[in-house]
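Structure at a glance
Next come the chains, spelled out residue by residue.
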Protein chains: 2
Amino acid sequence: MDQSKTPIYSALVKHRNKENISFHVPGHKNGSVFFETAKELYKNILEIDVTEISGMDDLHYPTGIIKDAQQLTAHLYGSKSSYFLVGGSTVGNLAMIMSMVGTGDQILIQRNSHQSVFHAVELSGAMAIYLEPEIDIETGLSLGVSISVLKEAISRYPNAKAIVLTNPTYEGYGQSLYKHVKIAHEANIYIFVDEAHGAHLLVEDNRWPMSAMKAGADIVVHSAHKMLPAMTMSSFLHINSERIDENKVRQYLKMLQSSSPSYPLMASLDVARAYLAKMVSDGCEKVTNELMELKKELMEGETWHLAPPIIGDYRQDPLKLTFLTKGNASAYEWQENFESYGMYPELVTPNHLILTLPFSIEGIANTRKLCNDIKTCLFIQNFLEAGVKLSNIIYNKQHISEPILSLEELNKVSKKHVYLEESLGEIAAETVTPYPPGVPLILRGEEIQSFHIEKLKFLKNNDVYFQTGDLWKEIGICVVNYSR
Amino acid sequence: MDQSKTPIYSALVKHRNKENISFHVPGHKNGSVFFETAKELYKNILEIDVTEISGMDDLHYPTGIIKDAQQLTAHLYGSKSSYFLVGGSTVGNLAMIMSMVGTGDQILIQRNSHQSVFHAVELSGAMAIYLEPEIDIETGLSLGVSISVLKEAISRYPNAKAIVLTNPTYEGYGQSLYKHVKIAHEANIYIFVDEAHGAHLLVEDNRWPMSAMKAGADIVVHSAHKMLPAMTMSSFLHINSERIDENKVRQYLKMLQSSSPSYPLMASLDVARAYLAKMVSDGCEKVTNELMELKKELMEGETWHLAPPIIGDYRQDPLKLTFLTKGNASAYEWQENFESYGMYPELVTPNHLILTLPFSIEGIANTRKLCNDIKTCLFIQNFLEAGVKLSNIIYNKQHISEPILSLEELNKVSKKHVYLEESLGEIAAETVTPYPPGVPLILRGEEIQSFHIEKLKFLKNNDVYFQTGDLWKEIGICVVNYSR
């Protein structure tokens, strides 16, 4: 298949060039009706922001340009079939889980999954069993689920229907999933992978993590907007085995996604796929070498060290730079420094800061020119008195756990608020999620343990932002009221 | 509040003007990394396609520019609070229904609702009761639910938790919902309105339909991209009464929408609101007069007549032109004519064609210049032998109905396929939806009646497109297999 073709993008441009008159939605009429101040900026994109008119196919039942674009994608990734998503990997995770597990089914979930995975489990009515990821003691970073935990989980829950893994992690660490897939399939369990951060991992070079597509996972979800160049909210869902009832997945994608999907987003998926195909066929050796050189230059300084390219069986995505604080440095000061230089990082927590790098030879060359600026920004002027302990070494020592109450049970019981300090042993009735990266620290239905309290105290003291709100800081955490 | 302000759009432009270096997702790095051919077209929009970096707020927990933009929207529409949606009205309908009704709850549904309403009911586990809309015998058009049907439904289902209405219809017909709201609230029933086609209905002129916002509906969903100038997939959800537990709605919006919402889409909502505010404050008398003149010019010809501005208690949105065929004319020939003139209609069925008009004085003036072209396109050369009967006069005479089997029950029984001609009295196990407009003709769980068969034959003979697929034409409709 000719991977330089871009069926959706090309059809949109062809349609635009005919200078048609729009008597259809959207109301901006190819950009001619729009808020005056914003007209110029939006002009080009609105000319291709069309709807399902003649020739433009239909995402929910594709037979033309969208079908062709999806087939090119399937061919590139080697999937059975690939679907374009306009609701982000969120909708991919929802459809993947909701279509394949139902009320009462057991599902094994990597505990440091994205919140959308937990939302999907909630909406499906399935019963979650949480698997703790490995923790790297040196860096404090969460990694993936180990083979031994997977095996133990399957022996304890032999009727589990599916397992959901996250690979690579937010910080870019990925392991080969061949063994995980083999073990899951032998136990007749579906294996789903949230590979949101790994849509680009087709590079044939063992300095990069390997894609779960190659390992044979049943369904894989990719954010094309994270590490590939597509518009935000554009993602792929790949059906990667014969085990999956594709009609069911399609039905959920149809229910959960807009019936008027955005053509600029779909076309950006089309061109992102063509971009990746070119990178892969050009070979990424030079890109990889440059990235390795860059990492060497930035490996360590007085106040920081870079998370290493390899931790055990995990490889880090070379496009991720993860700076870890040393001693009493605070990564928030780094953030201020970076922003004063006009450089915007991806993620900042009290003790680490992530930069994601451009996936292009020019982009990496430009980044290398910024090395001195980056080092300057990593210099700290105001060391904290108390210092910042690596928060991730506060973790759950129980490798496999279940919520005490199901969400259904939780909806029926009365609740109260208790202060963090007094919450040990209570059953949480709210989920608490620091953001980024949006991994829940406490999940509704879980018993609150001392490591939760320790970690929450740490995050609170360091002014971390909570996407689930700050009410727990003021009136306490919402828990089950057993006294009533 | 100063409705000329655009907090999100302005902040994005300000950020762009600083020429920052992106070390964050999306991978296109402000547009510098992108498929070469598409770089120029996407350039401007990618510069504002950012993520939740400093100053850019968070759609799922807004405290800054997104909060401000939503408050301006709430102020303009007079809502209690308004939410920006990046998953279209689809996600609005899902969140509205799934947050407020649950397993086993009874919910009254206008039968000609958009498929997303039926999907929401399915996902919620609620039990649907279908209310047939009024049909206009002259034009064959489906309208809204009458007061008498509403009253009867409530007396038969006094425990119903909510009613979902669609107002205005696809063809633009809307009724005042004051009485519906009063009756529903007296019976302690929530009233939700899918007003996807009516986001602009703040015009103070009785030649326009009235918004359900003014009538006091509890939740109203608006597609800002249909009749207002926002990007496709951009919508509003308005909480319009104290009856609604807003936290629940917010929770579902968070679960169902991308955790990386698109800033170009959110900014387009921001400027669409500012655009509407200006139109409303300028007064729309001139616009309305021009539209009325346009309609007079196009009212009737040898092969067509225009659906009237008023049918009973319904007013038609002046921005919708609905041409109905006369005699043996086929609207598909109209479509070909229009497209050969470079004019793309919104919707075509065998016997009607809809044009949506630009909501701007210049746009309407330009449309008036096209009147002769439009009339030429409505001329028919090849009359059909059999002629095309108005399909909508084939309708259900039963005003209120329930599915025979719930979706849960349906999942458990065995199925078979029977040809259309032999399907009378069978229980459908698949939904059949002609598209556009995406209103299901047969819903899973319903008994197949003679009017279903008649209408399906008609649509099949006229090559109507089915978004749910064409398998039923080849191997028959999927129905419950009672013989097993």
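1. Here's the deal with the packing of aromatic side chains
Each aromatic ring pair is specified by the distance between its two centres and by the angle formed by the two planes. Within this structure, the stated rule accounts for 19 aromatic pairs over all chains. With 5.0 Å between their ring centres and 50° between their planes, B:Phe34 and B:Tyr42 make a pair best called tilted. What makes B:Phe34 buried here is its relative accessible area of 3%. Exposure remark for B:Tyr42: the relative accessible area of 0% places this residue in the buried category. Measuring from ring centre to ring centre gives 5.8 Å for B:Tyr190 and B:Phe192, while their planes differ by 15°; the resulting arrangement is stacked. Of the two residues, B:Tyr190 and B:Phe192, both sit in the buried class. What links up through ring pairs into an aromatic cluster is the set A:Tyr9, B:Phe34 and B:Tyr42. When the ring centre of B:Tyr130 is taken as origin, the NZ or CZ atom of B:Arg111, which lies over that ring, is 5.6 Å away.

2. Describing the sheet that holds strand β8 (residues 219–223) of chain A
Residue and element names in this part refer to chain A. Here eight strands make up an open sheet; going across it, the order is β2-β9-β8-β7-β5-β3-β4-β17 and the pairing mixed. Edge strands, defined here as strands with exactly one partner in the open sheet, are β2 (81–85) and β17 (400–401). Relative to β8, strand β7 (residues 190–194) runs parallel, the two being bridged by three bridges. Residue pairing for β8: Val193 is matched across the bridge by Val220. Where helix α9 (residues 246–256) meets the sheet, it contacts β2, β8 and β9 (235–239), and its direction lies at approximately 5° from that of β2.

3. With respect to the interface of chain A and chain B
Taken residue by residue, the interface counts 100 residues in chain A and 100 residues in chain B. Across the chain A/chain B interface, buried area totals approximately 8300 Å², and carbon plus sulfur atoms make up 62% of it. Looking only at chain A, the three residues that lose the most surface to chain B are A:Phe23, A:Leu41 and A:Tyr344, adding up to 11% of its buried area. At the junction of chain A and chain B, the tally comes to zero salt bridges. Here chain A and chain B share 44 residue pairs in polar contact (both at pLDDT 80 or more) between them. Of the residues forming the side of chain A that touches chain B, the biggest block, seven residues, is contributed by helix α10 (residues 263–282) of chain A. Considering only residue class, the side of chain A that touches chain B consists of 51 nonpolar, 35 polar and 14 charged.

4. What to know about the side chain of A:His200
All names here are of chain A. Within the secondary structure, His200 sits in the loop between β7 and α8 (212–215). Residue classification places His200 among the buried residues on the basis of a relative accessible area of 0%. Ignoring anything within four residues of it in the chain, the contact list for His200 reads Trp208, Met227, Leu228, Leu276, Asp317, Leu319 and Phe359.

5. Description of the domain arrangement of chain A
Residues and elements named next belong to chain A. Once the domains are mapped, chain A shows domain 1 (7–281), domain 2 (284–378) and domain 3 (403–480). A straight line from the C-alpha centre of domain 1 to that of domain 2 covers 27 Å. Contact with domain 1, which involves 27 residues of that partner, is made by 27 residues of domain 2. Here domain 1 and domain 2 share an interface that buries about 2500 Å² over both sides, 64% of which is from carbon and sulfur atoms. It is Tyr173, Arg207 and Trp208 that lose the most area in domain 1 upon contact with domain 2, and together they represent 28% of the buried surface on that side. Applying the counting rule to domain 1 against domain 2 returns zero salt bridges. Linking domain 1 to domain 2 there are 16 residue pairs in polar contact (both at pLDDT 80 or more). Listing elements by their share of the side of domain 1 that touches domain 2, those giving two or more residues are β6 (173–174) and α10. Considering every element that reaches the side of domain 1 that touches domain 2, the biggest residue donor is α10, with three residues.

6. Here's the deal with the side chain of B:Thr433
Its location among the elements puts B:Thr433 in the loop between β18 (415–418) and α16 (450–461). Beyond its immediate chain neighbours, meaning those up to four positions away, B:Thr433 contacts B:Gln115, B:Gly438, B:Val439, B:Pro440, B:Leu441, B:Tyr465, B:Phe466, B:Gln467 and B:Thr468.

7. Comments concerning the pattern of salt bridges
Residue and element names in this part refer to chain B. One pass over the full model with this rule turns up 42 salt bridges over all chains. The salt bridge partner of Lys182 is Glu186, with a shortest N-O separation of 3.2 Å. Taken together, the residues span about one helical turn, with Lys182 and Glu186 both in helix α7 (residues 178–186) at a distance of four residues. Here Lys182 falls in the exposed class, since its relative accessible area comes to 55%.

8. A short note on the sheet that holds strand β2 (residues 81–85) of chain B
All names here are of chain B. In space, the eight strands of this open sheet follow the order β2-β9-β8-β7-β5-β3-β4-β17, with mixed pairing throughout. Both outer strands of the open sheet, β2 and β17 (400–401), are each paired with one neighbouring strand and no more. Judged from the three bridges that link them, strand β3 (residues 106–110) and strand β5 (residues 162–166) form a sheet pairing that is parallel. Looking across to β5, one finds that Ile107 is bridged to Ala162.

What counts and what doesn't
Residues numbered from 1 in each chain as written. Chains lettered and ligands numbered in written order. Predicted model: local features only at pLDDT ≥ 70, side-chain atom pairs only at ≥ 80, totals over all residues. Heavy atoms only, no water. Phe/Tyr/Trp six-rings, centres within 6.5 Å; stacked < 30°, edge-to-face > 60°. Buried < 20%, exposed > 50% of the residue type's maximum accessible area, 1.4 Å probe, protein only. Lys NZ or Arg CZ within 6 Å of the ring centre and 35° of its normal. Pairing = 2+ DSSP bridges. Helix = DSSP H or I, 4+ residues; strand = E, 2+ residues; numbered from the N terminus. Contact = heavy atoms within 4.5 Å. Axes fitted to C-alpha atoms, helices over the stretch in contact; angles between N-to-C directions. Buried area = accessible area lost by both parts, 1.4 Å probe. Salt bridge = Lys/Arg side-chain N within 4 Å of Asp/Glu carboxyl O. Polar contact = N/O pair within 3.5 Å; in protein donor to acceptor, adjacent residues only side chain to side chain. Nonpolar A, V, L, I, M, F, W, Y, C, P; charged D, E, K, R; others polar. Domains from an automatic or database assignment.

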